[in-house]
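A structural walkthrough
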Amino acid sequence: MLEQRVAGTPPTVLARPDMIRLALIEWFARLVAALHRAWADPMVRRGTLGMALVGAGSLTPAFLPAKAPIIEQLHLQWMGEGVGRFVATVLLIAGLGLLVDAWLRMRPRDGRRVPSLAWVFWSLPVLLAPPLFSRDAYSYAAQGLIVQRGLDPYAYGPYWVPGQFADQVDPMWLLTPAPYGPLALQVQHAVVAIAGDNAYLAAVLMRLPALAAVALLAWTLPRLAKRFGVNPSQALWLAVLNPLVIMHFVGGAHGDAIMVALVVLALYVASLGRFWVGAALIAAAATYKQTGALALIGVIGMAMQADGTAGLGASARLRSLLRHGMSLTLVTIAAFATITAFTGLGWGWTSNLSVPASLRSLIAPPTFVGASIEWFMNLAGMPLATAAVAVPIAQSIGLLLGLVSIAVIVWRVAPRKPVLAAAGALLALVASGPVIHPWYLLWGGVLLGAVRLSERAIRAVVFVTLFFVTYGAVDATLSNGTWALGLSAALWMVGRFIVSRRRPVEATPEPTRRAVTAATG
């Protein structure tokens, strides 16, 4: 009917509702076609099967809080003990292995394109699973309830909302107020308002903003990569389909996903010459998680690049850095203050930034060095009070080295390679910080998808990815009391990396039209 009515009619004389309807129909048709192409790829199906196994194996003590209501409601007590727990852990490890294998085989080679919507199929199997590889989503839910009840989330921790919301939070964080930005807390508040009194549902629904963030990444990052001469399929494969993104941004429902997505959007907008808009988007990212503010380095670098200062002398580069740095920083501060005022939550987060650092993370280089020195000092019989200062001193030195590294990046890298500068600054902050969680690597790691990397650099990214996938797998097996499975997973990951390094995995062929038709019926 619509086609007959508008056939032969110039687009300029179509009624606005008809134009919108036609645009929606075309968009939906393209979406369905993209989904068909993605499902026709055998590696997409393999990764989907892997995530289905992860979802099936997630209802264990590794991911569920003690006495979680869903266990009793679905009569799943058997999965938390004995044979049931062992089988669930086997499914989890096998699923991660399939996901990693599919990802490695999907690497774009010889002009092969990566399906843009592969991440959708890899995300679907765990949409209703409990938060994976971290219990932070339960804390998000409790913080959202605190806001809903009119309490100050920067002064009160989950302990002050007793009941099922507080019961599901890791005991380590019960008394700690929120360290997150005000926009994050209002989004958490909105999710809790949707979920009502169901704490588990509130935690699971924290995936909604995370999924929206991954969708934004999948749209924006390939376009940013193309602006800087990088293969969009390479960006999609390396950063969006990265197993850590699926495990932690989707599975873990971490708010870091929104921060990273806004940073990528800011850099893309800035690459189009809209530097002030990019700075405002950086502010939005920082109001979700404050570390996003560091990516302003990339926007400043693009503004300097537009001046052509990369090939000029030091004095011209310094003048450009000061001019753009000051103006764009002021825009960022003004936008941050505006968003903060709009949320009505204030600046209480400034006193809570040390909350995440209260955890001793031995995979953080400064903390590991400090803890090793402390151990040797204790072994030598030195006083406990003397040995105890080793960790804070090492952490302080680490932060100082990180700041120096960031300063060098701003001066030497930002004017020539602004996206690499933003990625490098965020990764330097992570490496020099006192605490590292696997999803922290994604702050700057995702941006590397839009950077022209050597083969050696790509292998380094693959190695780091497999290391932290293994870390998550081993941690889950230890929580389930099946450490032998964790050891097996670690050995398999090592072998898989060696094989992919010595003999690059053959990429699966581009799905043909016949394959797409057969896959979709």
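Remember, predicted model here, so these are calculated numbers, not experimental data. (Residues numbered from 1 in each chain as written. Predicted model: local features only at pLDDT ≥ 70, side-chain atom pairs only at ≥ 80, totals over all residues. Heavy atoms only, no water.)

1. Considerations on the overall build of the protein chain
When you go through the protein chain residue by residue, the secondary structure sums to 25 helices and zero strands. For the protein chain, the C-alpha radius of gyration of 24 Å lies close to 24 Å, the compact-globule estimate for 521 residues. In terms of overall dimensions, the protein chain has a C-alpha envelope of 85 × 65 × 55 Å along the principal axes. Taken over 521 residues, the protein chain has a buried fraction of 52%. A separation threshold of at least 6 residues defines the contact pool for the protein chain, and within that pool the share at least 24 residues apart is 74%. Entry remark: accessible area of the protein chain is about 23800 Å², with carbon and sulfur atoms responsible for 67%. (Helix = DSSP H or I, 4+ residues; strand = E, 2+ residues; numbered from the N terminus. Rg over C-alpha atoms; globule rule 2.2 N^0.38 Å. Buried < 20%, exposed > 50% of the residue type's maximum accessible area, 1.4 Å probe, protein only. Contact = heavy atoms within 4.5 Å. Areas by Shrake-Rupley, 256 points an atom, 1.4 Å probe, with all protein chains shown as cover.)

2. Topic: the environment of His 36
Examined against the element boundaries, His 36 turns out to sit in helix α2 (residues 16-40). The class for His 36 is partly exposed, based on a relative accessible area of 31%. Distance in space between the C-alpha atoms of His 36 and Leu 117 is 9.4 Å, their sequence separation being 81 residues.

3. Re helix α9 (residues 182-195)
At 3.6 residues per turn, the α-helix brings residues three or four places apart onto the same side. Here α9 spans 20 Å end to end across 14 residues, near enough to the 20 Å set by a 1.5 Å rise per residue. Looking at the buried residues of α9, the elements they touch are α7 (136-148), α8 (164-167), α10 (199-205), α11 (207-227), α15 (275-288) and α17 (314-343). Of the residues one or two after α9, Gly 196 is the one with positive phi, at around 75°. (Expected span 1.5 Å × (residues − 1).)

4. What about the nonpolar core?
Inside soluble globular proteins, nonpolar side chains tend to come together where they are buried. By size, the foremost hydrophobic cluster in this structure holds 148 residues, and its most contacted members are Trp 122 and Val 446. The dominant element in this core, judged by the number of residues it contributes, is helix α14 (residues 256-271), at 14 residues. Filtering out sequence-adjacent residues up to four positions away, Trp 122 remains in contact with Met 43, Val 44, Gly 47, Thr 48, Met 51, Leu 99, Ala 102, Trp 103, Met 106, Leu 241 and Ile 246. With ten residues, the next largest nonpolar core counts Tyr 154, Ala 335, Phe 336 and Trp 349 among its residues. (Core = buried A, V, L, I, M, F, W, Y, C linked by side-chain atoms within 4.5 Å.)

5. Observations concerning the environment of Leu 132
Of note, Leu 132 is situated in the loop between α6 (118-123) and α7. For Leu 132, a relative accessible area of 0% translates into the label buried. Taking the C-alpha atoms as reference points, Leu 132 and Leu 64, separated by 68 residues in sequence, lie 8.8 Å from one another. Discounting residues that sit within four places of it in the chain, Leu 132 has contacts with Val 54, Ser 58, Phe 63, Val 126, Arg 207, Met 247, Gly 251 and Gly 252.

6. Some words on the layout of surface pockets
The computed volume of the second largest pocket comes to approximately 990 Å³. Taken together, 23 residues form the lining of the second largest pocket, with Ala 34, Arg 113, Ser 116, Ala 218 and Arg 223 sitting closest to its centre. Those elements giving two or more residues to the lining of the second largest pocket turn out to be α2, α11 and α12 (232-240). For the lining of the second largest pocket, the element with the highest residue contribution is α11, accounting for six residues. (1 Å grid on protein atoms, 1.4 Å probe; cavity = no way out; pocket = protein on both sides within 12 Å on 5 of 7 lines; lining within 4 Å. Points joined across faces, edges and corners; volume = space filled by probe spheres on them.)

7. Quick word on the side chain of His 248
Residue position: His 248 is located in helix α13 (residues 243-251). Owing to a relative accessible area of 1%, His 248 belongs among the buried residues under this scheme. For His 248, the contacting residues outside a window of four places in its chain are Phe 133, Ala 253, His 254, Pro 438 and Trp 439.

8. Brief notes about the confidence of the model for the protein chain
In this model, the protein chain carries an average pLDDT of 86, and 90% of its residues clear a pLDDT of 70 or more. Within the protein chain, helix α25 (residues 513-520) has the poorest average pLDDT of any element, 38, and α14 the best, 97. Note that residues 1-7 has pLDDT below 50 and, in this model, nine contacts with residues that lie over four places away or in other chains. The low-confidence segment residues 504-521 (pLDDT under 50) makes 31 contacts with residues lying over four places distant or belonging to another chain. (pLDDT = per-residue confidence, 0-100.)

9. Side note on the packing of aromatic side chains
Throughout the structure, instances matching the rule amount to 15 aromatic pairs. A ring pair is formed by Phe 336 and Trp 347, whose centres lie 5.2 Å apart and whose planes are at 40°; its orientation type is tilted. Residue Phe 336 is located in helix α17, and its partner Trp 347 is located in the loop between α17 and α18 (365-379); the two are separated by eleven residues in the primary sequence. Given a relative accessible area of 43%, Trp 347 falls into the partly exposed group. Members of the aromatic cluster, each reached through a chain of ring pairs, are Tyr 156, Tyr 159 and Trp 160. Seen from the ring of Trp 411, Arg 317 lies directly overhead, with NZ or CZ sitting 4.7 Å from the centre. (Phe/Tyr/Trp six-rings, centres within 6.5 Å; stacked < 30°, edge-to-face > 60°. Lys NZ or Arg CZ within 6 Å of the ring centre and 35° of its normal.)

10. Some thoughts on the packing of helix α5 (residues 82-105) against α13
Two numbers describe how α5 lies on α13: the axes approach to 9 Å, and their chain directions differ by 135°. Taken together, the axes of α5 and α13 lie oblique to each other. Residues Leu 96, Leu 99, Val 100 and Trp 103 of α5 form the contact with α13, whose participating residues are Pro 243, Ile 246 and Met 247. Of the residues belonging to the contact of α5 with α13, the class tally is seven nonpolar, no polar and no charged. (Axes fitted to C-alpha atoms, helices over the stretch in contact; angles between N-to-C directions. Parallel < 35°, antiparallel > 145°, perpendicular 65-115°, else oblique. Nonpolar A, V, L, I, M, F, W, Y, C, P; charged D, E, K, R; others polar.)

11. Considerations on the pattern of salt bridges
Two side chains of opposite charge can pair, provided their charged atoms sit close to one another. With the rule as written, the count across this model stands at six salt bridges. The shortest N-O distance in the salt bridge between Asp 101 and Arg 46 comes to 2.4 Å. Here the residue Asp 101 occupies a position in helix α5, and Arg 46 occupies one in helix α3 (residues 42-56), the gap between them amounting to 55 residues. Asp 101 sits in the buried class, given a relative accessible area of 10%. Take Arg 46: its relative accessible area is 29%, and that puts it in the partly exposed class. Look at the salt bridges and you will find they share partners, linking Arg 46, Asp 101 and Arg 105 into a network. (Salt bridge = Lys/Arg side-chain N within 4 Å of Asp/Glu carboxyl O.)

12. Considering the side chain of Asn 352
Secondary-structure assignment places Asn 352 in the loop between α17 and α18. The buried category is assigned to Asn 352, whose relative accessible area is 5%. A polar atom in the side chain of Asn 352 sits 3.0 Å from the backbone oxygen of Ala 178. A polar contact of 3.4 Å, which involves the side chain of Asn 352, links it to the side chain of Ser 351. If we skip the residues at most four places from it in the chain, Asn 352 touches Tyr 154, Pro 177, Ala 178 and Pro 179. (Polar contact = N/O pair within 3.5 Å; in protein donor to acceptor, adjacent residues only side chain to side chain.)

13. Some thoughts on a nonpolar patch on the surface
Nonpolar side chains collect at one region of the surface, where Val 83, Phe 86, Val 87 and Val 90 lie side by side and expose about 340 Å² of accessible area between them. Its place among the elements puts Phe 86 in helix α5. Using a relative accessible area of 43% as the deciding quantity, one classes Phe 86 as partly exposed. (Patch = residues over 30% accessible without salt bridge, like charges linked within 9 Å, V, L, I, M, F, W, Y side chains within 5 Å.)

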